[in-house]
Amino acid sequence: MDYKKAGVDIEAGYKSVELIKEHIKRTVRPEVLGGIGGFAGAFDLKTIAKMEEPVLLSGTDGCGTKVKLAFIMDKHDTIGIDCVAMCVNDIACSGGEPLFFLDYIACGKNYPEKIAKIVSGVAEGCVQAGAALVGGETAEHPGLMPEDEYDLAGFAVGVVDRKDMITGEDIKPGDSLIGLASSGVHSNGFSLVRKVFNMTEDALSRHYDELGRTLGDALIEPTRIYVKALKSVRDAGVTIKGASHITGGGFYENIPRMLPDGVKAVVNKNSYDVPPIFGLIAKNGDVDEHMMYNTFNMGLGMVLAVDAADADKALKALSDAGEKAYLVGEVKAGEKGVELC
C-alpha cells in the first residue's frame, strides 16, 4: 500500500505546480518576494509604510454552487475569476487596493491539466484586480469528494490609508446612487438557478434568442471585477461615500450595509437595463419580483453613493474606464433599508 493507492497522487501534485507557474508569473507585483513553492507567500511592505495610517483589509469567499455549472460544461478557465472577484470587490468597497491573493482547491482527484485551467482563471482575476497570486493549495480528498468534482475558495489582502476608507458614515439625504452594470448572474443565487433550469449538458447548450447565446454561456459568464473602476472614480476627484457589492441577498441585504442609520436608498428599477437572463429566470421559475431582488444582483454588481454634485463626474470617469454605469436613485431620509420604485 502507498499514498497513490490510497487515492492521493503526489506526482500529479508536482505536475500541477509546474503547469500553473506560467499563470502565476502574470500576476507578480514588485513587492512579491521569493519564488513559487515556498511555505508562505512573502510581500514587501515598503510601499504601504509610506501611508499615513495604513489599514489592512481582507476578504475571503468561494464561488458557491456555480462550480456545478463548470463541471457540467467541462469549462474550468473562468471560475477562478469569480473566486477572485468575490474577494477583491469586497475590499474595493472599503476603498482598498488588493495586494495579494491565495487560492484553495479541494478536489476528489488531482487532474493537473484541469487544475491548471482553474488557476489560469484565478490568475486572470488577479491581473484584472492588480493583485499578486502569492500562493495556494490543491488538496486531494479521495472518498470525501467525487473524483471529477472540486471546490474553489480564496483569500485576499488589501490596504487603504485610513483617511481614504469608504465607510458610509457621511452618506446623507440627497446623495446620488450610481449602479455599475454586472456581467450577469455573477456568483450568487445558483442554488435557485439550478432549481429553475434543468442542469444538463443539453439544456445548457440550448440557444435563447433573448440571451443571444446559450443558457450555459450566459450563466457561466464570470463575475465583473470593479477594483479599477472604483479607482477611476477616486482618480477623477470624486469622494465615494459608500459602496455596496451586490452579492447573495441582492439589493435588500447588501445596499443597506453601506448606509448609516436614518437614511434609505431609493432605487428606480427603470433607470437601467436589467439583463435578459434575470427575466428568463423569473419566468421559468415563477420567481416573484421581491425574491429576484432579494437573491440576485439584477444587473448591478456594485452600487455607489456620491454627492449629487459629483454624480456626472463619477459617471464620466466610469464610462472612460469602460464601465456601464447608471444614475439609479438617491438617498432619502427614513428607516435604513431599500425602496424600489
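Structure: above.
All of the points below concern the structure found in this document. (Residues numbered from 1 in each chain as written. Predicted model: local features only at pLDDT ≥ 70, side-chain atom pairs only at ≥ 80, totals over all residues. Heavy atoms only, no water.)

## A closer look at the sheet that holds strand 5 (residues 132–140)
In step 1: If you walk across this open sheet you meet the 4 strands as 3-6-4-5, and the pairing is mixed. Sheet topology places strand 3 (54–62) and strand 5 at the edges, where each strand pairs with a single neighbour. Taking each pair of neighbouring strands and ignoring which way they run, the sheet shows an average axis angle of 15 degrees.
In step 2: In this structure, strand 3 lies alongside strand 6 (residues 150–161), joined through 9 bridges in antiparallel fashion. Following the sheet pairing, Gly59 is matched in strand 6 by Ala156.
In step 3: Across the sheet, helix 5 (residues 112–129) is in contact with strand 4 (97–107), strand 5 and strand 6; its angle to strand 4 comes to roughly 165 degrees. (Pairing = 2+ DSSP bridges. Helix = DSSP H or I, 4+ residues; strand = E, 2+ residues; numbered from the N terminus. Axes fitted to C-alpha atoms, helices over the stretch in contact; angles between N-to-C directions. Contact = heavy atoms within 4.5 Å.)

## Some remarks on the sheet that holds strand 11 (residues 263–267)
In step 1: In space, the 6 strands of this open sheet follow the order 10-12-7-13-11-14, with mixed pairing throughout. Every interior strand has two partners, whereas the edge strands, strand 10 (242–245) and strand 14 (338–340), have only one. On average, each strand axis in the sheet is inclined to that of its neighbour by 25 degrees, with strand direction left out of account.
In step 2: Two strands pair when backbone bridges link them, and strand 10 and strand 12 (residues 300–306) are joined in this way by 4 bridges, in the antiparallel orientation. Paired with Ala243 across the bridge in strand 12 is Leu304.
In step 3: Of the strands in this sheet, strand 10 and strand 12 touch helix 4 (residues 79–93), which is tilted by about 165 degrees from strand 10.

## A word on the nonpolar core
In step 1: Counting residues in hydrophobic clusters, the biggest one holds 94 residues, and the most contacted among them are Leu219, Phe251 and Ile281.
In step 2: Top contributing element to this core by residue count: helix 4, with 10 residues.
In step 3: Setting aside anything within four residues of it in sequence, one finds Ile281 in contact with Val185, Val193, Val196, Phe197, Asp286, Val287, Met292 and Phe296.
In step 4: Among the nonpolar cores identified, the runner-up in size contains 8 residues, and Phe43, Phe100, Val134 and Val157 belong to it. (Core = buried A, V, L, I, M, F, W, Y, C linked by side-chain atoms within 4.5 Å. Buried < 20%, exposed > 50% of the residue type's maximum accessible area, 1.4 Å probe, protein only.)

## So, unusual backbone geometry
In step 1: In this structure, Asp74 takes a positive phi of about 55 degrees despite not being glycine.
In step 2: Tracing the backbone through its elements, the reader meets Asp74 in the loop between helix 3 (66–73) and helix 4.
In step 3: Take Asp74: its relative accessible area is 56%, and that puts it in the exposed class.
In step 4: Its identity is not glycine, yet Met298 carries a phi of approximately 55 degrees, on the positive side.
In step 5: Tracing the backbone shows Met298 in the loop between helix 12 (289–293) and strand 12.
In step 6: We classify Met298 as buried; its relative accessible area is 7%.

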